[in-house]
Amino acid sequence: MSGGGSDGTILFTCVAAQEQVAKGGLLIDSVRSFGGTLSECEFWVVEADSANAFCDSLDRAGVRILELEVRDSIESYLFARKVSACATVESVAKGEARTIVWLIPECLIVRPPRLFVLDGAVRAAVRPVHIVNVGSPVEEEPDAFSRGVYDTTGVPGEDRGVRSFIEDRAIRPYYNSAAMSLDPDAGGETRDAS
């Protein structure tokens with residue numbers, strides 16, 4: 001494996017609007033300043049809309065800009081850009097990185113994100129959103145959003161709850177997550193991981 005620095009980790013984000021370009025720059029700077037052993041990792045920026053979000057200002061040492069292509073069959077899906085960005089990076093990083101870490105442009109790193117570095121026994125790590133917000137409490141029937149996700153993905157609606165940080169309530173994880181990591185060589189195996 002050649003990418004991702006000595007530990008084989010690549011961090012990435014997807015920029016889909018002009019206002020996210022500056023946020024992406026702050027994210028990269030925060031990783032470089034506070035990422036600890038990950039501060040030297042490659043950082044990939046997926047440019048989701050080159051007509052409206054020029055990422056040229058993010059093109060610097062240690063940063064790679066990738067252009068996003070969204071398949072026509074999922075273009076109308078609400079999270080099509082996010083899913084496609086993850087798939088693009090996963091495809092490009094196969095054999096090149098041990099771990100790829102997704103961070104939304106609005107994230108800032110204030111200490112080393114060590115928990116996202118995978119060790120081989122774990123193929124994916126996800127930190128679901130940490131407030132109830134649109135989350136579905138586990139003691140209630142799945143809402144339309146959760147049911148739609150379960151139906152679309154074919155994943156059973158198991159109620160593996162997480163505790164929200166703010167309200168301390170058991171909620172179903174909803175993976176419109178600000179941060180997650182996976183082994184790009186795992187492919188479909190991550191779907192079956194518990």
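About the thresholds
- Residues numbered from 1 in each chain as written.
- Predicted model: local features only at pLDDT ≥ 70, side-chain atom pairs only at ≥ 80, totals over all residues.
- Heavy atoms only, no water.
- Helix = DSSP H or I, 4+ residues; strand = E, 2+ residues; numbered from the N terminus.
- Areas by Shrake-Rupley, 256 points an atom, 1.4 Å probe, with all protein chains shown as cover.
- Salt bridge = Lys/Arg side-chain N within 4 Å of Asp/Glu carboxyl O.
- Buried < 20%, exposed > 50% of the residue type's maximum accessible area, 1.4 Å probe, protein only.
- Polar contact = N/O pair within 3.5 Å; in protein donor to acceptor, adjacent residues only side chain to side chain.
- Contact = heavy atoms within 4.5 Å.
- Phe/Tyr/Trp six-rings, centres within 6.5 Å; stacked < 30°, edge-to-face > 60°.
- Lys NZ or Arg CZ within 6 Å of the ring centre and 35° of its normal.

Novice: How should I be thinking about the overall build of the protein in this particular structure?
Specialist: A tally of helices and strands in the protein yields 4 helices and 8 strands. Seen in sequence order, the protein has helices and strands lined up from the N terminus as β-α-β-β-α-β-β-α-β-β-β-α. For the protein, the exposed surface amounts to about 10700 Å²; the carbon and sulfur share of it is 53%.

Novice: Can you walk me through the pattern of salt bridges in this structure?
Specialist: Opposite charge on two side chains allows them to pair when their charged atoms are near. Considering all chains together, one arrives at 6 salt bridges under this definition. R60 is the partner of D29 in a salt bridge, and the nearest nitrogen-oxygen pair spans 2.9 Å. Of this pair, D29 sits in helix α1 (residues 18-34) while R60 sits in the loop between β2 (42-47) and β3 (63-67); the two residues are 31 residues apart in sequence, bridging distant segments of the chain. Of the residues examined, R60 reaches a relative accessible area of 31% and is grouped as partly exposed. D183 serves as the salt-bridge partner of R123, at 3.1 Å between the closest nitrogen and oxygen. Pair noted here: R123 is in the loop between β4 (99-103) and β5 (124-127) and D183 is in the loop between β8 (179-182) and α4 (189-192), with a separation of 60 residues, a long-range link. You can call D183 buried: its relative accessible area is 12%.

Novice: Looking at this model, I keep getting lost on the side chain of T13. Mind explaining?
Specialist: Considering the arrangement of structural elements, one finds T13 in strand β1 (residues 9-15). At 2.6 Å, the side chain of T13 forms a polar contact with the backbone oxygen of L103. Setting aside chain neighbours within four positions, we find T13 in contact with L27, F43, W44, V45, V46, W102, L103, I104 and P105.

Novice: Explain the packing of aromatic side chains to me, please; I cannot follow it from the model alone.
Specialist: What the rule picks out here adds up to 1 aromatic pair. Relative to W102, the ring of F12 has its centre 5.5 Å away and its plane inclined at 65 degrees; by these criteria the two rings are edge-to-face. Of the two residues, F12 is situated in strand β1 and W102 in strand β4; the sequence distance between them amounts to 90 residues. In this structure, F12 and W102 share a single accessibility class: buried. Its end group placed over the ring of W44, R64 keeps NZ or CZ at 4.8 Å from the ring centre.

No statement about biological role is implied by the geometric values presented.
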